[in-house]
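# Examination of the molecular architecture
Given next are the chains, with one letter for each unit.
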Amino acid sequence: MASIISSKKENLPRPFGHFPPSIWGDCFMNFNAQDYSEKLEEYGKEISALKEEVRAKLVDNSITDHVAKMKLIDAVERLGVSYHYEKEIEGLVQQIFEAYAKKNFEGDDDLHTTALLFRVFRQHGYKMPCAEIIKNLSHAGVLPRKQSWWDISAIENLPTDYLKFLFQLVINVYDEIEKEMSTEGRPYAASYAKERIKDLIGSYFVEVTWLKAGYVPTFEEYMRNGRITSDSQIIITSSFIGMKDMADQKAFDWVISGSKTVRATEVIGRLMNDIVSHEEEQTRAGGHVASGVECYMKEHHMNRERAVEEIKTKIKYAWKEINEEFLRPTPMPMHILMRALNLVRTEHVFYKDIDGYTYSRGVKDDIMATYAAPIPI
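Residues numbered from 1 in each chain as written. Predicted model: local features only at pLDDT ≥ 70, side-chain atom pairs only at ≥ 80, totals over all residues. Heavy atoms only, no water.

## Section: the overall build of the chain
- From N to C terminus, the chain includes 16 helices and zero strands.
- In the chain, the proportion of contacts linking residues at least 24 apart, taken out of those at least 6 apart, comes to 62%.
- Per element, the accessible surface of the chain, about 23,800 Å² overall, is 56% carbon and sulfur. (Helix = DSSP H or I, 4+ residues; strand = E, 2+ residues; numbered from the N terminus. Contact = heavy atoms within 4.5 Å. Areas by Shrake-Rupley, 256 points an atom, 1.4 Å probe, with all protein chains shown as cover.)

## A closer look at helix H8 (residues 188-213)
- Over its 26 residues, H8 extends 38 Å from the first C-alpha to the last, a length consistent with the 38 Å expected when each residue adds 1.5 Å.
- Taken from the residues just after H8, Gly 214 is the one with a positive phi, measuring 65°. (Expected span 1.5 Å × (residues − 1).)

## Side note on a nonpolar patch on the surface
- A cluster of nonpolar side chains, contributed by Tyr 162, Phe 165, Leu 166, Leu 169 and Val 173, occupies part of the molecular surface with about 510 Å² of accessible area.
- Checked against the element boundaries, Val 173 lands in helix H7 (residues 161-183). (Patch = residues over 30% accessible without salt bridge, like charges linked within 9 Å, V, L, I, M, F, W, Y side chains within 5 Å. Salt bridge = Lys/Arg side-chain N within 4 Å of Asp/Glu carboxyl O.)

## Some words on the pattern of salt bridges
- By the definition in use, this model includes 16 salt bridges.
- One salt bridge connects Asp 175 with Lys 194, and the closest N-O pair in it is separated by 3.9 Å. Pair noted here: Asp 175 is in helix H7 and Lys 194 is in helix H8, with a separation of 19 residues, a long-range link.
- Residues joined in a network through salt bridges with shared partners are Glu 52, Arg 55 and Glu 88.

## What to know about the confidence of the model for the chain
- Scored by pLDDT, the chain comes out at a mean of 84, with 86% of its residues at no less than 70.
- When the criterion is pLDDT under 50, residues 1-10 qualifies, and its contacts beyond four places in sequence or with other chains add up to zero contacts. (pLDDT = per-residue confidence, 0-100.)

## Points about the packing of aromatic side chains
- One pass over the full model with this rule turns up 11 aromatic pairs.
- A centroid spacing of 6.2 Å and a plane angle of 65° characterise the contact between Trp 210 and Tyr 215, whose relative ring orientation is edge-to-face. Note on accessibility: Trp 210 and Tyr 215 belong to one class, buried.
- What links up through ring pairs into an aromatic cluster is the set Phe 97, Tyr 100, Phe 121 and Tyr 126.
- The ring of Tyr 100 has Lys 103 sitting right over it, with the charged end atom 4.6 Å from the ring centre. (Phe/Tyr/Trp six-rings, centres within 6.5 Å; stacked < 30°, edge-to-face > 60°. Buried < 20%, exposed > 50% of the residue type's maximum accessible area, 1.4 Å probe, protein only. Lys NZ or Arg CZ within 6 Å of the ring centre and 35° of its normal.)

## Side note on unusual backbone geometry
- Cis rather than trans, the peptide bond between Arg 328 and Pro 329 has omega equal to 0°.
- If you trace the backbone, Pro 329 turns up in the loop between helix H14 (304-325) and helix H15 (334-351).
- Despite not being glycine, Asp 231 shows a phi value in the positive range, around 70°.
- Relative to the elements of secondary structure, Asp 231 occurs in the loop between helix H9 (219-229) and helix H10 (232-241).
- Judged by relative accessible area, Asp 231 falls into the partly exposed class, the value being 25%.
- Here the phi dihedral of His 301 falls at roughly 55°; this positive angle occurs in a residue that is not glycine.

## A word on the side chain of Ser 230
- Within the fold, Ser 230 resides in the loop between H9 and H10.
- Taking relative accessible area as the criterion, Ser 230 reaches 11% and is therefore assigned buried.
- A polar contact of 3.1 Å, which involves the side chain of Ser 230, links it to the side chain of Ser 232. (Polar contact = N/O pair within 3.5 Å; in protein donor to acceptor, adjacent residues only side chain to side chain.)

## Re the nonpolar core
- Counting 75 residues, the largest nonpolar core has Met 70, Ile 73, Phe 121, Phe 240, Trp 254, Ile 311 and Ile 336 as the members making the most contacts within it.
- Filtering out sequence-adjacent residues up to four positions away, Phe 240 remains in contact with Arg 186, Ala 247, Ala 251, Phe 252, Trp 254, Val 255, Ile 336 and Arg 339.
- Counting residues in hydrophobic clusters, the runner-up holds five residues, among them Ile 155, Leu 158, Phe 167 and Ile 171. (Core = buried A, V, L, I, M, F, W, Y, C linked by side-chain atoms within 4.5 Å.)

## Considerations on the packing of helix H3 (residues 66-78) against helix H4 (residues 86-102)
- Running from amino to carboxyl end, H3 crosses H4 at an angle of 145°, the nearest separation of the two axes being 11 Å. Taken as a pair, H3 and H4 cross one another with a handedness that is left-handed. Facing H3, whose interface residues are His 66, Val 67, Lys 69, Met 70, Ile 73, Val 76 and Glu 77, H4 presents Ile 89, Leu 92, Val 93, Ile 96, Ala 99 and Tyr 100.
- Split by residue class, the contact of H3 with H4 holds 10 nonpolar, one polar and two charged. (Axes fitted to C-alpha atoms, helices over the stretch in contact; angles between N-to-C directions. Left-handed = near helix turned anticlockwise from the far one by under 90°. Nonpolar A, V, L, I, M, F, W, Y, C, P; charged D, E, K, R; others polar.)

## Concerning the packing of H8 against H9
- Running from N to C, H8 and H9 point in directions that differ by 135°, and their axes come no closer than 8 Å. Looking at the two axes, H8 sits oblique to H9. Handedness of the H8/H9 crossing: left-handed. Contact residues: Asp 199, Leu 200, Ser 203, Tyr 204, Val 206, Glu 207 and Trp 210 in H8; Glu 221, Tyr 222, Asn 225, Ile 228 and Thr 229 in H9.
- Residues belonging to the contact of H8 with H9 are distributed by class as follows: six nonpolar, three polar and three charged. (Parallel < 35°, antiparallel > 145°, perpendicular 65-115°, else oblique.)

## Remarks on a negative patch on the surface
- A surface patch of negative charge is lined by Glu 38, Glu 41, Glu 42 and Glu 46.
- Along the polypeptide, Glu 42 turns up in helix H2 (residues 37-59). (Lys, Arg positive; Asp, Glu negative; His and termini not counted. Charge placed at Lys NZ, Arg CZ, Asp CG, Glu CD.)

## Description of H15
- For H15, built from 18 residues, the straight-helix expectation of 26 Å at 1.5 Å per residue is met to within 8% by its first-to-last C-alpha distance of 25 Å.
- At its buried positions, H15 is contacted by H10, helix H11 (249-256), helix H12 (260-281) and H14.

Below you can see the structure in the form of structure tokens.
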């Protein structure tokens, strides 16, 4: 038996790996710790002294400046040595969070400090609300205040000419819609559409705060905001505007009531978009807010492939919810439900393989087949 195994081994080709040579050469092979024992002992003493110096700063109760303490914690964590002070840091972060919570997170901290507090608190599991950061950005002139989102006088506060142009354009369009809807006896229609635009702007602001703070929300938190940035409610309510008396106020209320069909349309549009676009988005200069894929991967500690498969399951479930709401008796007339269904069908075409909304060449054949090419009979 031994000779058979031996002969078989001799006939087996040896698998060689073509590995590149180490950039370090053989310097570690020649290293002898004994040659540096005195130096290592000296370094050890210096490190011990520095460790205690940092510990003393962390636990020094005479330092009442919470921001200074948080900056120290941030520096220690970024240097990768926070494991020496886990108990001290956890106690300190809890103490500072409770102090900020008592005053409802109100303060005069600048944008940089607010972002730092937000990030460190969230990293330690403390839910500091996003609203400080939004307020701070607004005060800094980076973002307009919420009450100014539809105020023509807010245009001059916008930082660039193209934003001023777009803001003016949007206001003009909806002012014209409002006049036309009033003549039809449906003045409420433009108001619903405006509110959806305001919601969208607010959700974009939330994304800005997350990006600036380097914050990756939970998947559920992301989707609360992401369903709005799917633009589904804006598109559906805008489609109602041209339907005259076929879309009364009940139809608009149905959109914002959280109906199964509208929510499912938001989920499908948001997640299909994220799956095909998130990798390219993360390579953009200046960074990009985490998509649903990154949020799911981080929260559930899984790789992209598994996260995408589980997210696709959520998309399938959303389709089931749409199918259920189309069963009689339907919550709204079929011509109202069809507006949402047609939207989600369009989303499926645009995002089934690539980000066809951004790279329209990928859906050119579908568009041509639908609107331009003759139908063979």
